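Observations on chain architecture
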Amino acid sequence: MAMVQVRPRLVDPARFLIALGLVALVAGVEAPPIQAAGAQSGTALGSSRVSTERLGGADQYAVAVAISARLFPHGAAPVVYLAAGDNFADALAAGPIAARAGGAILYTSSSSLPSAVGLELVRLAPARVEVLGGTAVISAAVVANVTGLLAPGTIVERVAGSDAAGTAAALSARSFKPGSAPTVFVAGAGSAADAIAAGPAAAQLGGPLLLAAAATLPSATAAELSRLKPGRVVVVGATSSVSDAVLAQIAQIVPKVERVSGADAYASAAAVAARFLPIAATEVVASGPGYANGLVAVPLAAARHASILFAQPTDMLPTATRDRLIATRPTTIVIAGSVSEVVRAQLVGFADGRLTVPAPTPAYPATDSAYHDYGEMVTLIKATEIAYPTLVHVFSIGKSYQGRDIWAAKVSDNVSVDENEPEVLVDALHHADEHLGVEQALYLLSTLTSEYSTNAYVHRLVNEREIFIVFALNPDGWAYDLSGGTYHYWRKNRQPNGGYIGTDINRNYGYKWGCCGGSSSSASAWNYRGTSAFSTPEARALRDFVASRVVGGVQQIKTHVTLHVNGELILYPYGYTKTGLPADMTADDHAVFLSMAQTMAGMNGYTAEQSSRLYVTDGDEIDWMYHQYRIFSFTFELYPLDQNILYRDVYPPYSVVAAQTARNRGALLYLIDTAACPYRVINKAAQYCSAAPILPAPSGLLP
Ligand SMILES: [Zn+2]
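Just so it is clear, the structure is predicted and the values come from calculations on it, not from any experiment. Numbering of residues begins from 1 in every chain and follows the order in which that chain's sequence is written. Given that this is a predicted model, residues contribute local features only at a pLDDT of at least 70 and side-chain atom pairs are listed and counted only at 80 or more, while totals for whole chains, interfaces and linings are drawn from all residues. With hydrogens and water stripped out, all remaining heavy atoms of the structure feed into the side-chain values.

Right, let's get into the packing of helix H13 (residues 319–328) against helix H14 (residues 341–352). Lines are fitted to the C-alpha atoms to define the axes, a helix being fitted only along its stretch in contact, and any angle between axes, read from their N-to-C directions, falls within 0 to 180 degrees. Starting at the N terminus, helices and strands are each numbered in turn, a helix being any DSSP run of H or I of at least four residues and a strand any DSSP run of E of at least two. At their nearest, the axes of H13 and H14 sit 7 Å apart, and the two run at 35° to each other. Along this stretch, H13 crosses H14, giving a crossing that reads as right-handed. Contacts between H13 and H14 pair Arg-322, Leu-325 and Ile-326 from the former with Leu-347, Phe-350 and Ala-351 from the latter. Classifying every residue of the contact of H13 with H14 gives five nonpolar, no polar and one charged. We call a crossing left-handed when the near helix sits turned anticlockwise from the far one by less than a right angle, and right-handed when that turn is clockwise. Contacts: residue pairs with any heavy atoms within 4.5 Å of one another. Any residue that is not Ala, Val, Leu, Ile, Met, Phe, Trp, Tyr, Cys, Pro, Asp, Glu, Lys or Arg is counted as polar, Gly included; the first ten are nonpolar and the last four charged.

Right, let's get into the sheet that holds strand E22 (residues 569–572). Where strands meet in a sheet, backbone hydrogen bonds hold them as pairs that are either parallel or antiparallel. Strand order in the open sheet formed by eight strands is E13-E14-E16-E15-E21-E24-E22-E23, and the pairing between neighbours is mixed. This sheet does not close on itself; its edge strands, each paired only once, are strand E13 (392–399) and strand E23 (607–610). Across the sheet, the axes of successive neighbouring strands diverge by a mean angle of 20°, strand direction being ignored. Any two strands are treated as partners once DSSP identifies two or more bridges connecting them. Bridge count for strand E21 (residues 557–565) against strand E24 (residues 632–638) is seven bridges, and the pairing is parallel. When the bridges of E24 are listed, His-564 appears paired with Glu-637. Its contacts with the sheet put helix H21 (residues 621–629) on strand E15 (423–428), E21, E22 and E24, and the angle it makes with E21 is roughly 175°.

Turning our attention to the nonpolar core. Take the buried residues of types Ala, Val, Leu, Ile, Met, Phe, Trp, Tyr and Cys, join any two whose side-chain atoms come within 4.5 Å, and each joined set is a nonpolar core. Buried means the residue's accessible area, taken with a 1.4 Å probe over protein chains only, is under 20% of the maximum for its type, while exposed means over 50%, and partly exposed covers the values in between. Within the largest apolar cluster, 115 residues are counted, with the highest numbers of intra-cluster contacts made by Met-377, Ile-397, Val-546, Phe-634 and Phe-636. Among the elements that make up this core, the one with the highest residue count is helix H15 (residues 374–387) (eight residues). Non-local contacts of Met-377, meaning those with residues more than four positions away in its chain, are made with His-372, Trp-407, Val-438, Leu-442, Phe-471, Ala-472 and Trp-478.

Okay, the confidence of the model for the chain next. Averaged over all residues, the pLDDT of the chain is 92; the fraction at 70 or higher stands at 91%. Predicted confidence for residues 1–40 stays below pLDDT 50, and this span has 76 contacts to residues more than four positions away or in other chains. Confidence scores labelled pLDDT are given residue by residue by the predictor and lie between 0 and 100. For residues 693–703, every residue scores under 50 in pLDDT, and the model assigns this stretch 21 contacts once sequence neighbours within four places are set aside.

Here the focus is the coordination of the zinc ion. Octahedral metals with six donors have ideal donor angles of 90 or 180 degrees. Tetrahedral metals with four donors have an ideal donor angle of 109.5 degrees. Donor atoms (N, O, S) are those found within 2.8 Å of the metal centre, with the cutoff raised to 3.2 Å for Na, K and Ca; water is not part of the atom list, so apparent gaps in a site can occur. For the zinc ion, the protein coordination sphere consists of His-431 (ND1), Glu-434 (OE), Glu-434 (OE) and His-564 (ND1), at 2.1 to 2.3 Å. Geometry assignment treats four donors as tetrahedral when all angles are between 85 and 135 degrees, treats four as square planar and six as octahedral when opposite donors are over 155 degrees apart and all others between 65 and 115, and treats everything else as irregular. Coordination geometry of the zinc ion: the four donor atoms subtend angles of 59 to 151° at the metal centre, consistent with an arrangement described as irregular. Of note, the donors binding the zinc ion are all from one chain and are spaced H-x2-E-x129-H. Just as His-431 is buried, Glu-434 falls in that class too.

Shown next, in the form of structure tokens:
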């Protein structure tokens, strides 16, 4: 049952504006338009055909104001629907109603009207305000504030049923005569995403949205369906939000009922879009957290004949949203809420075709699905290149045994130019089951790009270094390790040798290969070294890339870290011998290794030690990097601490990834910084680095 109340004016508008600290506005006849916070236009991110409109803000209240400002740039909205920003169940059905009435939806907090919302109401100067929900949702004080703010005669009404379904039915009853709605949409009252996604479709088809419970059809909804007598009902969402039993109840009132749904809320939204808005020049993408930004975007989407899709503010675009953009190729994408530049680059890149769906590779098990598989990694690094085209260049250093690209990124200012700057290499996933290393490499790429314009230290490092990141040296082993939806504890690559498969890539490098019992000659062994040094295409690709960084006879890469799991260790050469200072290392270099390792360990809480301390390894990467080029080369064994599972690195849950990758931030930035002259850490910069900023590789140790 709708309560319709016309409230008297309680608050003097001038007093309200003074209370807002906006004295200058009091004398004015009307408030100036509120700038849509974060609203920007223009072709986006180097795209020749796709532009984005960002209607962002600090919170859902600001986002609603930004959308309203875009929808009504000159004010004069006939009606405003006012919903509770932290409890908008009573407003779920307001989208198509507001679209039909040509109105806006704004949010208030339940106990007080935010000042920016008050200003927007004054600017819109509506003839009518519909307050959605009872006094428990939006207080009488807020209604009084709103009434006091607007011109005399403005109607301020409260629309509230006994629950959200009742409010939806009341809104419908106020807008639609019997027989005037050919199609009615129904969504679960507990499924905000479904209700929001249904909004633009309902508006397009000229019908209202009603709400159902999962197991029963509320009496208010049943009564409204009986009154409207629509030709059909479209239920949006999965059986978990509206059961088949409810569909059967609806069918007793309206025989023609269909369900539109997908595997999750994102997919349901895309399914609604595909069914009812198959062609869209504009798409609206609402970002989380939650779905508040989507609800207020429904009138804008309806006005543009756009659907509403969903995205998270950071990381990967949902596949359903991605596939919809590929299908419709919109020329305008409206972003309701805020997303990272990399998410925006995915929106634009999939819409304009610069990003494509990667070839399928096995995905992580459901419990670890937030880890980035190979395809997601490729999308993420290519989107980062689109987002930061002057800072990031993505390329492949070669192919794996099975033909997968071994992807890398160069990060530097003027990235397309090979500037004379000290270079750094970070690589990950020699060992296929050491997944956290990929996440660490992606973390570094994100840090160097997203913080470039906000963090002075990151800015300087990116400007003054050339940083190369190889994200996954062993993509074949990785795919195998994830195959069949379960982990295989697979370490090696997938190259056959005799009757066995796989070489340990990190025993396949060319210095002291197979010398010292630190690898196995048995093809079945976990640490099989291969048929010869560099017998694996993956180690060859890494070797050839590092060789390509010799410019004018000088190796440009000065510091390097290879990311492994696990043990929380920082290892330095040599691995082939337990001798701390053998003849093939200078005392100064040994001192640099010790100092850098201890400094980094002080930053991340790992233990610094010589690589051979636990067990001898021969033919590994860091021995070769140092011996071949005098690169100060380290192994990070990431989280967790060793758990005495010698041949099995563990698979940490994704819940630890954010903290365990951020943990190495300081150490990685230090490694990048130190590349200018590693000998500075032992106060011998003048001796080794004064002649030129780039240090020549000591020729005496080259083969
Ligand atoms: Zn490893």
